[in-house]
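# Structure at a glance
The lines below spell out each chain.
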Amino acid sequence: MYDFLKNKYVLGLILVTLIIIVTMVISAGDYVQGTFVEEGISLLISPAQKVVTSIGNAIENSIQFLLEIRILKEQTEELKVKVEELQEENRQLQELRSENDRLRLMLDFKEKYSDYEYVGAQVIAKQPGNWFNTFTIDKGTADGLEYRNVVMSSKGVVGYIYDIQKHSAKVMSIIDIDSSVSALISRTRDTAVVKGDLALQNNGLCKMSNISKDADIVVGDNIITAGLGGIYPKGLLVGKIKEIEEMPHEISQEAIIEPVVDFKRLEEVFVILKTE
């Protein structure tokens with residue numbers, strides 16, 4: 001028997017036969033065995049694959065998020081610069097508009113009061129409070145101004161200079177309690193006196209008194225300077241009647257006057273120079 005097995009030919013034949021048998025068995029059960037093996041492997045590595053996939057997705061999302069943040073930051077900076085540029089352009093436009101309005105008002109004033117010589121001045125200070133009942137301008141005797149010069153806006157009477165220096169002057173407006181203007185009701189030609197009133201001053205209004213009892217005045221009547229008293233020339237617009245006060249037992253009437261000048265906002269005025 002030993003000699004038989006030592007025979008290399010017989011041994012080779014046995015090996016070939018075994019290989020053929022094993023191959024046939026594997027071939028016959030290949031599908032079932034393969035499926036089983038694959039399922040086993042899949043079962044083992046599936047959780048790990050899920051974890052790896054989840055981590056990969058998280059990393060990818062984080063990278064995408066960081067990229068989006070960077071883009072948004074760059075866009076924000078660009079928008080910030082653009083906003084600053086637009087704000088500067090808007091400021092310049094506002095300045096140009098203000099300058100245009102100022103020049104237009106000067107032209108309107110020149111056309112309306114062409115009979116007078118005047119000097120433009122800037123308001124540089126005012127008394128505490130919301131209203132310009134007294135204030136200071138940046139022109140004085142060095143600019144040809146004098147005590148009691150009339151001060152105007154493009155719309156009408158502001159007041160007059162009551163104190164003056166070389167390069168500045170103080171103005172008392174018509175709403176101040178110490179102010180008094182000889183006035184004329186434009187429609188009826190009745191005379192009256194427009195004075196500052198403590199109660200009305202805080203509303204930018206004046207009181208008109210000494211109106212004839214039989215004067216046919218109505219709300220909305222224009223009030224102009226009468227040219228009496230030595231300060232205001234005749235015909236300058238003061239304001240209009242806002243309200244008529246009933247005084248049945250008095251010999252005259254009174255009214256509340258709304259000046260044409262906005263005494264809450266004064267930046268530039270015109271000072272009428274005295275002429276012969």
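Cut-offs applied
Residues numbered from 1 in each chain as written. Predicted model: local features only at pLDDT ≥ 70, side-chain atom pairs only at ≥ 80, totals over all residues. Heavy atoms only, no water. Phe/Tyr/Trp six-rings, centres within 6.5 Å; stacked < 30°, edge-to-face > 60°. Helix = DSSP H or I, 4+ residues; strand = E, 2+ residues; numbered from the N terminus. Buried < 20%, exposed > 50% of the residue type's maximum accessible area, 1.4 Å probe, protein only. Pairing = 2+ DSSP bridges. Axes fitted to C-alpha atoms, helices over the stretch in contact; angles between N-to-C directions. Core = buried A, V, L, I, M, F, W, Y, C linked by side-chain atoms within 4.5 Å. Contact = heavy atoms within 4.5 Å. 1 Å grid on protein atoms, 1.4 Å probe; cavity = no way out; pocket = protein on both sides within 12 Å on 5 of 7 lines; lining within 4 Å. Points joined across faces, edges and corners; volume = space filled by probe spheres on them. Nonpolar A, V, L, I, M, F, W, Y, C, P; charged D, E, K, R; others polar. Lys, Arg positive; Asp, Glu negative; His and termini not counted. Salt bridge = Lys/Arg side-chain N within 4 Å of Asp/Glu carboxyl O. Polar contact = N/O pair within 3.5 Å; in protein donor to acceptor, adjacent residues only side chain to side chain.

Okay, the packing of aromatic side chains next. Tallied over the full model, the rule gives three aromatic pairs. Where Y118 meets F270, the ring centres are 5.6 Å apart and the plane angle is 90°; that geometry is what we call edge-to-face. With Y118 in strand 1 (residues 118-126) and F270 in strand 12 (residues 268-272), this residue pair connects regions lying 152 residues apart in the sequence. Given the relative accessible area of 23%, Y118 is considered partly exposed. Taking 6.4 Å as the distance between ring centres and 90° as the angle between the ring planes, the aromatic pair formed by Y160 and Y232 counts as edge-to-face.

Here we come to the sheet that holds strand 5 (residues 169-173). On the basis of which strands lie adjacent, the closed barrel formed by six strands has the order 1-2-5-4-3-12 and antiparallel pairing. For this sheet, the mean angle separating the axes of adjacent strands, direction not counted, is 45°. Both strand 3 (residues 150-152) and strand 4 (residues 157-164) contribute to a ladder of three bridges, which runs antiparallel. Its bridge partner lying in strand 4, V150 is registered against Y160.

Grouped together as the largest cluster of nonpolar side chains are 49 residues, with contacts concentrated most on F135, I137, I174, M208, I223, L266 and V269. Counting residues per element, this core draws most heavily on strand 4, at five residues. Among all residues touching L266, those that are not within four sequence positions of it are V123, F132, F135, V158 and V261.

Another point: the layout of surface pockets. When its volume is computed, the largest pocket comes out at roughly 500 Å³. Those elements giving two or more residues to the lining of the largest pocket turn out to be helix 3 (30-112) and strand 12. Here the lining of the largest pocket is built from residues that sort into four nonpolar, four polar and eight charged.

Across three bridges, strand 6 (residues 180-185) lies against strand 9 (residues 222-225) in antiparallel orientation. Paired with I185 across the two strands is I223, which belongs to strand 9. Both strand 9 and strand 10 (residues 237-245) contribute to a ladder of three bridges, which runs antiparallel. Directly across from I224, in strand 10, lies its bridge partner L237.

Our focus in this paragraph is the sheet that holds strand 10. Note: strands within a sheet are paired through backbone hydrogen bonds, in either parallel or antiparallel orientation. Taken in spatial order, the six strands of this closed barrel run 6-7-8-11-10-9, and their pairing is antiparallel. Averaged over all pairs of adjacent strands, the angle between strand axes in this sheet comes to 40°, irrespective of strand direction. Sheet analysis places strand 8 (residues 206-212) next to strand 11 (residues 252-259), joined by five bridges and oriented antiparallel. Its bridge partner being in strand 11, M208 is matched across the sheet by A255.

This part covers the side chain of D176. Here D176 is to be found in the loop between strand 5 and strand 6. One buried charged side chain, D176, makes no salt bridge at all; its nearest oppositely charged neighbour is K126, positioned 11 Å away. A polar side-chain atom of D176 sits 3.0 Å from the main-chain amide nitrogen of D178. Aside from chain neighbours lying at most four places away, what touches D176 is N133, T134, G196 and Q201.

Within this structure, the stated rule accounts for seven salt bridges. R187 is the salt-bridge partner of D216, the closest N and O atoms lying 4.0 Å from each other. Of the two residues, D216 sits in the loop between strand 8 and strand 9 while R187 sits in the loop between strand 6 and strand 7 (191-196), which places them 29 residues apart along the sequence. Among the salt bridges present, the one from E254 reaches K207, with a minimum N-O distance of 3.7 Å. Of the two residues, E254 sits in strand 11 while K207 sits in strand 8, which places them 47 residues apart along the sequence. Exposure remark for E254: the relative accessible area of 18% places this residue in the buried category. Here the salt bridges share partners, and the residues they tie into one network are R187, D216 and D221.

What follows deals with the pairing of strand 6. Of all six residues in strand 6, five are buried, a share of seventy percent or more. Where strand 6 and strand 7 come together, five bridges link them in antiparallel fashion. Each residue of the ladder has a partner; that of S180, found in strand 7, is K195. Turn length for the strand 6-strand 7 hairpin, with the two strands adjacent in sequence and antiparallel, is five residues, and the turn residue R189 shows positive phi of about 65°.

Structural measurements only, silent on function.
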